[in-house]
Amino acid sequence: MTHPAVDAARALASLVAEHGGVGSIRAEIGALAQQITGGKRGEPASPLEGKFDLKYCVALGLHGHAVSAADFREPWHPDPAICATAGKVENTVSPEMGFASARLTVEFADSRRETVHVPVAKGHPQNPMNWDDMHAKFDALVSRRLGSRSDALFELVRDFGRGDVLAEIRAMLARL
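Residues numbered from 1 in each chain as written. Predicted model: local features only at pLDDT ≥ 70, side-chain atom pairs only at ≥ 80, totals over all residues. Heavy atoms only, no water.

A.B. asks: Can you help me understand the overall build of the protein in this one?
C.D. replies: Looking only at helices and strands, the protein has eight helices and four strands in total. If you list the helices and strands of the protein from N to C, you get α-β-α-α-α-α-β-β-β-α-α-α. Taken along its principal axes, the extent of the C-alpha atoms in the protein is 55 × 35 × 30 Å. Every one of the 176 residues in the protein was classed for burial, and the buried ones make up 41%. Counting only contacts in the protein whose residues sit at least 6 apart along the sequence, the fraction spanning at least 24 positions is 60%. Within the structure as shown, the protein displays about 9600 Å² of accessible surface, and the carbon and sulfur contribution to it stands at 54%. (Helix = DSSP H or I, 4+ residues; strand = E, 2+ residues; numbered from the N terminus. Buried < 20%, exposed > 50% of the residue type's maximum accessible area, 1.4 Å probe, protein only. Contact = heavy atoms within 4.5 Å. Areas by Shrake-Rupley, 256 points an atom, 1.4 Å probe, with all protein chains shown as cover.)

Structure, rendered in structure tokens:
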């Protein structure tokens, strides 16, 4: 439910410093996204709360974060600057938006305004992830545990259809 708004925030992240920071943020989202993720304050008390806090996730994206597993790890100490940006997000339910779409309008500190509409979030069947996207997500999930072997495991999983990689995958995972 946060993904389309996060996609829009990441698209605008490069403009934040260029225009002196963020003045206000309006997130137009679907009713289900508001129900599940939109009613939060932007100051999550735990990583799990953070994942389901649309305001916090938008702020992460605007601050240039990938908004991946790496952003929701223990020990949990959210950056006060991100929480301050999250406090500027106003969520609005729009009948034009479904669960996989969002429109984000940011008014920057210099009064310039930019809007990004994400009709279908990355990862949805109508907007599938490519291999680079999958590799980034995979790496964020497993690199802390596997270190430099993360890339090798990803390539093995990617080539799983070859049929001869299962033994290599098992051997790599057995060493954990």
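A.B. asks: Help me understand the pairing of strand 3 (residues 102–108) in this model?
C.D. replies: A regular strand carries its side chains on alternate faces of the sheet. Of all seven residues in strand 3, six are buried; the element is thus mostly enclosed. Inspection of the sheet shows strand 1 (residues 22–29) paired to strand 3 by seven bridges, in the antiparallel sense. Within strand 3, the residue paired with Arg26 across the bridge is Thr105. When strand 3 meets strand 4 (residues 113–118), the two strands line up antiparallel, connected through six bridges. Following the sheet pairing, Ala102 is matched in strand 4 by Val118. (Pairing = 2+ DSSP bridges.)

A.B. asks: Whenever I open this one, the packing of aromatic side chains confuses me. Can you help?
C.D. replies: Pairs of aromatic rings are described using the distance from one ring centre to the other and the angle between the two planes. Using the criterion set out here, one finds five aromatic pairs in the structure. Plain terms: the ring middles of Phe72 and Trp76 are 6.4 Å apart, the flat faces sit at 10° to each other, and that makes the pair stacked. Neither Phe72 nor Trp76 differs from the other in exposure class; each is buried. Through successive ring pairs, a cluster of aromatic residues spans Tyr56, Phe72 and Trp76. (Phe/Tyr/Trp six-rings, centres within 6.5 Å; stacked < 30°, edge-to-face > 60°.)

A.B. asks: What exactly am I supposed to notice about the nonpolar core here?
C.D. replies: The tendency in soluble globular proteins is for nonpolar side chains to be buried side by side. Core analysis: the largest hydrophobic core is formed by 21 residues, its most contacted members being Leu12, Ile25, Val58, Leu62, Leu104 and Val106. At the level of secondary structure, the elements contributing two or more residues to this core comprise helix 1 (3–18), strand 1, helix 4 (54–62), strand 3 and strand 4. Of the residues forming this core, the biggest block, six residues, is contributed by helix 1. Residues within four places of Val58 in sequence aside, it is in contact with Ala5, Val6, Ala9, Ile25, Val89 and Leu104. With 11 residues, the next largest nonpolar core counts Leu60, Phe72, Cys83 and Ala86 among its residues. (Core = buried A, V, L, I, M, F, W, Y, C linked by side-chain atoms within 4.5 Å.)

A.B. asks: Sorry, what's going on with unusual backbone geometry here?
C.D. replies: Most peptide bonds take the trans configuration, and most residues that are not glycine carry a negative phi. For the peptide bond that leads from Glu74 to Pro75, omega is -5°, which places it in the cis range. Phi is positive for Val67, which is not a glycine, with a value near 60°. Note on Val67: relative accessible area 18%, which makes it buried. The phi angle at Ser111 is positive, at roughly 75°, despite the residue not being glycine. By secondary structure assignment, the location of Ser111 is in the loop between strand 3 and strand 4.

A.B. asks: Teacher, can you tell me more about the environment of Leu12 here?
C.D. replies: On the secondary structure map, Leu12 appears in helix 1. Sequence-wise, Leu12 and Val106 are 94 residues apart; in three dimensions their C-alpha atoms are separated by 8.1 Å. If we ignore the near neighbours within four places in the chain, the residues touching Leu12 are Leu62, Leu104, Val106, Phe108, Glu114 and Val116.

A.B. asks: Looking at this structure, I do not really get the packing of helix 7 (residues 149–158) against helix 8 (residues 166–174). What am I missing?
C.D. replies: If you want to describe how two helices pack, look at the angle between their axes and the distance between the axes. At a minimum axis separation of 10 Å, helix 7 and helix 8 run at an interaxial angle of 150°. One element, helix 7, and the other, helix 8, form an angle in the roughly antiparallel class. Every pair of crossing elements has a handedness; the one defined by helix 7 and helix 8 is left-handed. Taking contact as the criterion, the partners of Arg149, Ala152, Leu153, Leu156 and Val157 in helix 7 are, on helix 8, Glu168, Ile169, Met172 and Leu173. Residue composition of the contact of helix 7 with helix 8, grouped by class: seven nonpolar, no polar and two charged. (Axes fitted to C-alpha atoms, helices over the stretch in contact; angles between N-to-C directions. Parallel < 35°, antiparallel > 145°, perpendicular 65-115°, else oblique. Left-handed = near helix turned anticlockwise from the far one by under 90°. Nonpolar A, V, L, I, M, F, W, Y, C, P; charged D, E, K, R; others polar.)

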